[in-house]
Amino acid sequence: MKKLTNDFGNVVADNQNSLSAGAQGPLLLQDYILLEKLAHQNRERIPERTVHAKGSAAYGELRITEDISKYTKAKVLQKGEVTPLILRFSTVAGEAGAADAERDVRGFAIKFYTKEGNWDLVGNNTPTFFIRDPYKFPDFIHTQKRDPRTHLRSNNAAWDFWTLCPESLHQVTILMSDRGIPASYRNVNGYGSHTYSLINDKGERFWVKFHFKTKQGIKTLTNAEAEAIIAKDRESHQRDLYNAIEKGDFPKWTVKIQVLPENEADKLGFNPFDLTKVWPHSIVPLIEIGEMVLNKNPENYFNEVEQAAFSPANIVPGIGFSPDKMLQGRIFSYPDAQRYRIGTNYHLLPVNRARSEVNTYNVAGAMNSDTYKNGAAYYEPNSYSDSPKEDKSYLEPDLALDGAAQRYAPLDDDFYTQPRALFNLMNDNQKAQLFSNIAASMDGVEKSIIDRALAHFEKISPDYASGVKKALGL
Ligand code: NDP
């Protein structure tokens, strides 16, 4: 029989009755086991993520099946390479206890434990986003969260913001389409969403978008189907993912990229770094490069899912950033959120720790459990050959930039072409769902805001506007 101990290994003789003066109390302050239990319980929760608080994750691997060495020298993307990973799915707006089957974007955050350090691709199940400047992000998220006075979610705030920031219309159309409530996490596509760069061994740069196409097929829920599920099960996506993996039905995604040589970025006719737009497949075709599988559940939800910390700042040689303003905002805000949420040394936790060598001069800090192994020096530069040194051969090729510093409004105000392309792809049933989902989400919205929305829908397509009007009973 294992002996029960406290956190420091001291054996516990009685775990049912606290130490008291006499049978009817009061308790004695010296009952250190009682104090430890109560104090630890008070600290069991860490701040939940401001966004993407409710999630599910699983381990798996990425297998590269095609030779794309002409685009990138990244080891993780070379043909035949197999890389372990963890993928966390999430809803965005709800709190940690929110129901899974809600209408929302789904997070699709992958951490690849590569031989050259961690590479995090922190995407969504949508190829686009609501905004294209991180300056707007806190305001946008306020409209998705609770009103500070009523503590209620507000359709009015959401539609007020969306209609005043019409760059959101593309993402709103995706969110309100049939794909806005996936049947499960196994039935969603994933997108890196941002434009990133690939760099080959000749120092040539290519702009790239990453796509993960579900092999389980897209499956979705109507509002009514989702409501019936939520009434009985708030954890439907967690349950589905966990059970599928436990019974060996491992979900898989085909991995594809779109690639544009650095000097062909203007081929698109719009800013290739605009997160509210996709790269049309007819201009930049998809190239299949491999397969991703999820095959192992975490052992401990808190340690491996709640404390999993993803950041688009984690990048490896051969994969780089792009001028996408939203990406640059996230390069700051994700690690900042993790330091606040988990702590300075969050990178040392097993789920976050690189599986390749880490030789950093960042030391100490709360909860540091690392073994210092940098040789004679604890600073850089230094004179000691056994201490780690920088290596300039890893510098990225020059990226030409120009322009005077200013708070520029985006040059492009075409908010309608891509939502129109999506609308035109939908069959009648999907259009009917789009109209009724929008109408349902406008419950309680002021008339002037509905009118502003209808004016935008009219510019996407008169059929879009008239469909929503009819669904609203106008
Ligand atoms: P294509 O016909 O080549 O591609 C259409 C894409 O739309 C497919 O990837 C399809 O995904 C996806 N799709 C279909 N219905 C929905 C939906 N309700 N929500 C989100 N995605 C959906 O056309 P284009 O490349 O010219 O793009 C046309 C429109 O398709 C875009 O304006 C955009 O809204 C949407 N789209 C485009 C993507 C891209 O990277 N080009 C990616 C995703 C969407 P699947 O193959 O899994 O069915």
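Residues numbered from 1 in each chain as written. Predicted model: local features only at pLDDT ≥ 70, side-chain atom pairs only at ≥ 80, totals over all residues. Heavy atoms only, no water.

Caption draft 1: Summary view of the overall build of the protein. When its secondary structure is counted, the protein shows twelve helices and ten strands. Radius of gyration (C-alpha) of the protein: 25 Å, near the 23 Å computed for a compact globule of 474 residues. The principal-axis extent of the C-alpha atoms belonging to the protein is close to 80 × 65 × 50 Å. Looking at the protein residue by residue over its 474 residues, the buried ones come to 46%. (Helix = DSSP H or I, 4+ residues; strand = E, 2+ residues; numbered from the N terminus. Rg over C-alpha atoms; globule rule 2.2 N^0.38 Å. Buried < 20%, exposed > 50% of the residue type's maximum accessible area, 1.4 Å probe, protein only.)

Caption draft 2: Fine view of the pattern of salt bridges. On inspection of all chains with the given rule, the structure shows 24 salt bridges. As a salt-bridge pair, Glu61 and Arg63 come within 3.4 Å of each other at their nearest N and O atoms. Of the residues examined, Glu61 reaches a relative accessible area of 25% and is grouped as partly exposed. Overall, the relative accessible area of 39% leaves Arg63 in the partly exposed class. Residues Lys267 and Glu264 are paired through a salt bridge, measuring 3.8 Å at the closest nitrogen-oxygen approach. A relative accessible area of 32% means that Glu264 is categorised as partly exposed. (Salt bridge = Lys/Arg side-chain N within 4 Å of Asp/Glu carboxyl O.)

Caption draft 3: Quick peek at helix α3 (residues 155-164). Among the residues making up α3, those that are buried are Asn156, Ala158, Trp159, Phe161, Trp162 and Thr163. Buried residues in α3 make contact with α2 (137-144), α4 (169-176), α10 (428-441) and α11 (447-460). (Contact = heavy atoms within 4.5 Å.)

Caption draft 4: Quick look at the site of the ligand. The ligand sits among 19 residues. The nearest are His170, Arg179, Asn189, Lys213 and His281. Between Lys213 and the ligand, the recorded distance is 2.9 Å, taken from a side-chain N or O atom to an oxygen atom. Gln418 places a main-chain nitrogen or oxygen 3.0 Å from an oxygen atom of the ligand. The element contributing the most residues to the shell around the ligand is helix α9 (residues 417-425), with four residues. (Near = heavy atom within 4 Å. Polar contact = N/O pair within 3.5 Å; in protein donor to acceptor, adjacent residues only side chain to side chain.)

Caption draft 5: Quick peek at the pairing of strand β9 (residues 287-296). Alignment of strand β1 (residues 55-64) against β9, held across six bridges, turns out to be antiparallel. Considered in β9, the bridge of Ile64 is made with Gly290. (Pairing = 2+ DSSP bridges.)

Caption draft 6: How the structure looks around the domain arrangement of the protein. Entries for the protein in the domain assignment read domain 1 (1-44), domain 2 (55-353) and domain 3 (426-472). For domain 1 versus domain 2, the distance between C-alpha centres works out to 44 Å. (Domains from an automatic or database assignment.)

Caption draft 7: Quick peek at the side chain of His194. Secondary-structure assignment places His194 in the loop between β5 (190-191) and β6 (196-199). Looking at His194, the relative accessible area reads 1%, which means it is buried. Here the side chain of His194 touches Asp324 through a polar contact of 2.8 Å, side chain to side chain. Among residues more than four places away in sequence, those in contact with His194 are Val208, Lys209, Leu275, Asp324, Met326, Leu327 and Arg330.

Caption draft 8: Looking closely at the pairing of strand β7 (residues 205-214). Extensive coverage of β7 is indicated by the burial of nine of its ten residues. Adjacent in sequence and paired antiparallel, β6 and β7 are bridged by five residues, among which Gly203 carries a positive phi angle near 80°. Pairing of β7 with strand β8 (residues 252-261), which is carried by nine bridges, proceeds in the antiparallel orientation. In the strand pairing of β8, Lys213 is matched with Thr254.

Caption draft 9: Representation of the packing of α10 against helix α12 (residues 462-472) within the structure. The geometry of α10 relative to α12 is characterised by a closest axis approach of 8 Å and an angle of 55° between their N-to-C directions. Between α10 and α12, the interaxial angle falls into the category oblique. Here α10 runs over α12; the crossing is right-handed. Where α10 approaches α12, its residues Leu434, Phe435, Ser436, Ile438 and Ala439 are matched on the opposing element by Asp463, Tyr464, Gly467, Val468, Ala471 and Leu472. Residue classes in the contact of α10 with α12 are distributed as eight nonpolar, two polar and one charged. (Axes fitted to C-alpha atoms, helices over the stretch in contact; angles between N-to-C directions. Parallel < 35°, antiparallel > 145°, perpendicular 65-115°, else oblique. Left-handed = near helix turned anticlockwise from the far one by under 90°. Nonpolar A, V, L, I, M, F, W, Y, C, P; charged D, E, K, R; others polar.)

Caption draft 10: Representation of the nonpolar core within the structure. Core analysis: the biggest nonpolar cluster contains 37 residues, and Phe130, Trp159, Trp162, Ile438, Phe457 and Tyr464 have the highest contact counts within it. Elements with a minimum of two residues in this core: α2, α3, α4, α10, α11 and α12. Top contributing element to this core by residue count: α11, with six residues. Those residues in contact with Trp162 that sit more than four places away from it in its chain are Phe130, Phe140, Gln144, Ser168, Val172, Leu175 and Met176. Counting 36 residues, the second largest nonpolar core, distinct from the first, contains Ile68, Phe112, Val188 and Leu198. (Core = buried A, V, L, I, M, F, W, Y, C linked by side-chain atoms within 4.5 Å.)

Caption draft 11: Geometry of the packing of aromatic side chains. Within this structure, the stated rule accounts for 23 aromatic pairs. Ring geometry for Phe140 versus Phe161: centroids 5.7 Å apart, planes at 40°, classification tilted. Here the residue Phe140 occupies a position in helix α2, and Phe161 occupies one in helix α3, the gap between them amounting to 21 residues. One exposure class covers both Phe140 and Phe161, and it is buried. For the cation-ring pair, Lys111 lies above Phe310, with the distance from its terminal atom to the ring centre recorded as 5.2 Å. (Phe/Tyr/Trp six-rings, centres within 6.5 Å; stacked < 30°, edge-to-face > 60°. Lys NZ or Arg CZ within 6 Å of the ring centre and 35° of its normal.)

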